[in-house]
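So the chains spell out like this:
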Amino acid sequence: MSAAAEVLPVVLSDPSEFRPEVKEASKFRDFRIHNVPEHVVRTYDLMHTHQTLEFVKGRHEYWGRLDHGYLTILEALEKLNDLVDESDPDIDLPNSFHAFQTAEGIRKNHPDKDWLQVAGLIHDAGKLMALWGEKQWAVVGDTFPVGCRPDPSIVFGVESFAKNPDMKNPKLNTRLGMYEEHCGLDKVYMSWGHDEYLYQVLQVNTHSLPEEALYMVRYHSFYPWHTSGAYKYLTNNKDEAMLKWIREFNQFDLYTKAPEMPDVESLYDYYEGLLKKYVPGKLRW
């Protein structure tokens, strides 16, 4: 565990302390087929049909070149004013709003953990891919391992995964597939999306975020694991030690979604200062 975590031990929060009174917690992430817009179902259907191991490896190669531009985090967030996440059943506001909602929720409950606030602010910045031509089913939504049999907890997975070519490959359609028991998530290919992309961006640019923050960035959309308890046969001790941080982060990522927006203009200087400390300057994207 990083020095940041040792100095500032995690204290799990009660979501009721900060959850907006817009709707009850049980109504977030309601993926019942008759309760979500058609475009949400369509996005997941395309994702589960086309996110094969070969596709994911190709996206790693293409986006891993990091040749799409040089932007600061705040410039990236400004561009997300033009993006509405097609997979989100809870809110249909531009994605930049959610960044500040999440960061402010964390700031309220963890005023002494500025690195955690930064993680909340930046966690969805990888969705820039959608503005640079990537289809949303390869950018947004819940992530899952490819190269092995999908878990039943994956939303809308039963019918759509049946159309995935990997499910006809005996090397990839079993419980472990191409992996070994408890190999660790760093050895697992996840479905391609904004989590992995931003993680790769941070890996090659200057930052001083602790490892806990990197785990939040990389796996915050891996709901089958951190919320449903699936795929534990692929995780190792390090992954399990980091799980409490991802679950803590998830409360703010999920329950701060609301139509009301913080006054971003009044917050700008504060978060600009934090970014200079943890993720300074222009990044290669």
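Residues numbered from 1 in each chain as written. Predicted model: local features only at pLDDT ≥ 70, side-chain atom pairs only at ≥ 80, totals over all residues. Heavy atoms only, no water.

As annotated in an unreviewed UniProt entry, the chain carries the name Inositol oxygenase and is attributed to Batillaria attramentaria. On record in UniProt, under Catalytic activity (unreviewed entry), the comment for the chain is "myo-inositol + O2 = D-glucuronate + H2O + H(+)". Checking UniProt for the chain, the heading Subcellular location (unreviewed entry) contains the comment "Cytoplasm". (UniProt positions renumbered as here; feature names shortened; annotations may be inferred.)

A. Inspection of the overall build of the chain at higher detail. Along its length, the chain carries 13 helices and two strands. By residue count, 54% of the 285 residues in the chain fall in the buried class. Sequence-distant contacts, at least 24 apart, represent 81% of the contacts inside the chain between residues at least 6 apart. Carbon and sulfur atoms make up 50% of the accessible area of the chain, which totals about 12700 Å². (Helix = DSSP H or I, 4+ residues; strand = E, 2+ residues; numbered from the N terminus. Buried < 20%, exposed > 50% of the residue type's maximum accessible area, 1.4 Å probe, protein only. Contact = heavy atoms within 4.5 Å. Areas by Shrake-Rupley, 256 points an atom, 1.4 Å probe, with all protein chains shown as cover.)

B. Local environment of the nonpolar core. Leu 77, Leu 121, Ile 122, Leu 209, Val 279 and Trp 285 are the most contacted members of the largest nonpolar core, which totals 78 residues. Apart from the residues within four sequence positions on either side, Leu 209 is in contact with Trp 115, Val 118, Ile 122, Leu 202, Tyr 278 and Val 279. (Core = buried A, V, L, I, M, F, W, Y, C linked by side-chain atoms within 4.5 Å.)

C. View of the UniProt feature "binding site: substrate" (unreviewed entry) in the chain. Per the UniProt record, the feature "binding site: substrate" (unreviewed entry) sits at Arg 29, Asp 85, Glu 86, Ser 87, Lys 127, Gly 141, Asp 142, His 220 and Ser 221. Take His 220: it is sitting in the loop between α10 (211-219) and α11 (223-226). Look at His 220 and you get buried, because its relative accessible area is 2%. Excluding residues within four positions of it along the chain, His 220 makes contact with His 123, Asp 124, His 194, Asp 195, Tyr 215, His 226, Ile 246, Phe 249 and Asp 253. A distance of 3.2 Å separates the side chain of His 220 from the side chain of Asp 124, its partner in a polar contact. (Polar contact = N/O pair within 3.5 Å; in protein donor to acceptor, adjacent residues only side chain to side chain.)

D. Quick look at the packing of aromatic side chains. Throughout the structure, instances matching the rule amount to 15 aromatic pairs. For the ring pair Tyr 62 and Trp 63, a centre distance of 5.0 Å and an interplane angle of 85° mean the geometry is edge-to-face. When its relative accessible area of 29% is taken as the criterion, Tyr 62 is described as partly exposed. Overall, the relative accessible area of 2% leaves Trp 63 in the buried class. Look at Tyr 197 and Trp 285: their rings are 6.3 Å apart centre to centre, the planes differ by 55°, and that puts the pair in the tilted class. Of this pair, Tyr 197 sits in helix α9 (residues 194-204) while Trp 285 sits in the segment after β2 (283-284), and the two are 88 residues apart along the sequence. The class of Tyr 197 is buried, set by a relative accessible area of 0%. Take Trp 285: its relative accessible area is 0%, and that puts it in the buried class. Across from the ring centre of Tyr 233, 4.0 Å away, lies the NZ or CZ of Arg 175, which sits over that ring. (Phe/Tyr/Trp six-rings, centres within 6.5 Å; stacked < 30°, edge-to-face > 60°. Lys NZ or Arg CZ within 6 Å of the ring centre and 35° of its normal.)

E. Just unusual backbone geometry, in detail. We note that Leu 66 has phi near 50°; this positive angle belongs to a residue other than glycine. Its identity as a non-glycine residue notwithstanding, His 182 has a phi of 55°, on the positive side. In this structure, His 182 sits in the loop between α8 (157-161) and α9. For His 182, a relative accessible area of 45% translates into the label partly exposed.

F. Seen up close, the UniProt feature "binding site: Fe cation 2" (unreviewed entry) in the chain. With numbering aligned to this structure, UniProt lists the feature "binding site: Fe cation 2" (unreviewed entry) at His 194 and His 220. Taken together, the annotated residues stretch across 27 residues yet fold into one region, lying no more than 10.1 Å apart by C-alpha. Its location among the elements puts His 194 in helix α9.

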